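Commentary on secondary and tertiary structure
Here are the chains, one letter per residue:
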Amino acid sequence: MAIRASAAAGPLAIAVLRVILPYDTTDDAAATAAKVAAAPAVESAVLWLTYLALLTLLLGALITNRQAMRAPGRWRPIASQPERRPRDRQVRCPTSSTSRC
């Protein structure tokens, strides 16, 4: 259960990170640098949340894929499965020692 809960930590970290960013994405470089310099504690939290998201987003994708592979019904064909190829038909040889296939 703890592993499933950690799957939500990545998207949650990104959501919190986007809320506490001290600058807007439309700001120019000088305004962004000034806002980052004015709030070093917030920028430290942004860096830690980015690190947490980096570690947990891939884990969340793997856990979601595993759950989709195990789930019966409509999600199983969507999950990444290896493509199954039909087996080649093999000709059975007679069991006598004189004949070869």
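Calculation rules
Residues numbered from 1 in each chain as written. Predicted model: local features only at pLDDT ≥ 70, side-chain atom pairs only at ≥ 80, totals over all residues. Heavy atoms only, no water. Salt bridge = Lys/Arg side-chain N within 4 Å of Asp/Glu carboxyl O. Helix = DSSP H or I, 4+ residues; strand = E, 2+ residues; numbered from the N terminus. Buried < 20%, exposed > 50% of the residue type's maximum accessible area, 1.4 Å probe, protein only. Core = buried A, V, L, I, M, F, W, Y, C linked by side-chain atoms within 4.5 Å. Expected span 1.5 Å × (residues − 1). Arc of directions from axis to C-beta. Patch = residues over 30% accessible without salt bridge, like charges linked within 9 Å, V, L, I, M, F, W, Y side chains within 5 Å. Areas by Shrake-Rupley, 256 points an atom, 1.4 Å probe, with all protein chains shown as cover. Phe/Tyr/Trp six-rings, centres within 6.5 Å; stacked < 30°, edge-to-face > 60°.

Turning our eyes to something else, we now look at the pattern of salt bridges. Tallied over the full model, the rule gives one salt bridge. A salt bridge links Asp27 to Lys35, with the nearest nitrogen and oxygen atoms 2.9 Å apart.

By the secondary structure assignment, Ala39 is in the loop between helix H3 (29–38) and helix H4 (40–70). Taking the relative accessible area as the measure of exposure, Ala39 reaches 18% and is therefore buried.

A word on the nonpolar core. As a rule of thumb, soluble globular proteins bury nonpolar side chains together. Formed by Ala13, Leu17, Leu21, Val46, Leu49 and Ala53, the largest nonpolar core amounts to six residues. Going through the elements one at a time, helix H2 (9–20) and H4 are the ones with two or more residues in this core. Examining the composition of this core, we find that three residues originate from one element, H4, more than from any other.

Helix length check: H2 (twelve residues) gives 16 Å between terminal C-alpha atoms against 16 Å at 1.5 Å per residue, within 8%. All of the buried residues along H2 are Gly10, Ala13 and Leu17. Looking straight down H2, one finds its buried side chains confined to an arc of 60°; they lie on one side. Pointing more than 90 degrees away from the buried face of H2 are the exposed residues Leu12, Arg18 and Val19.

In this section: a nonpolar patch on the surface. Residues Trp48, Tyr51, Leu54 and Leu55 make up a contiguous nonpolar surface patch of roughly 520 Å² in combined accessible area. Looking at the secondary structure, you find Tyr51 in helix H4.

Bringing the packing of aromatic side chains into the picture now. For the structure on display, the rule yields one aromatic pair. Judged by centre distance (6.3 Å) and plane angle (80°), the rings of Trp48 and Tyr51 are edge-to-face. With a gap of three residues between them, Trp48 and Tyr51 both fall in helix H4, about one helical turn apart. Its relative accessible area of 61% is what places Trp48 among the exposed residues. Taking relative accessible area as the criterion, Tyr51 reaches 46% and is therefore assigned partly exposed.

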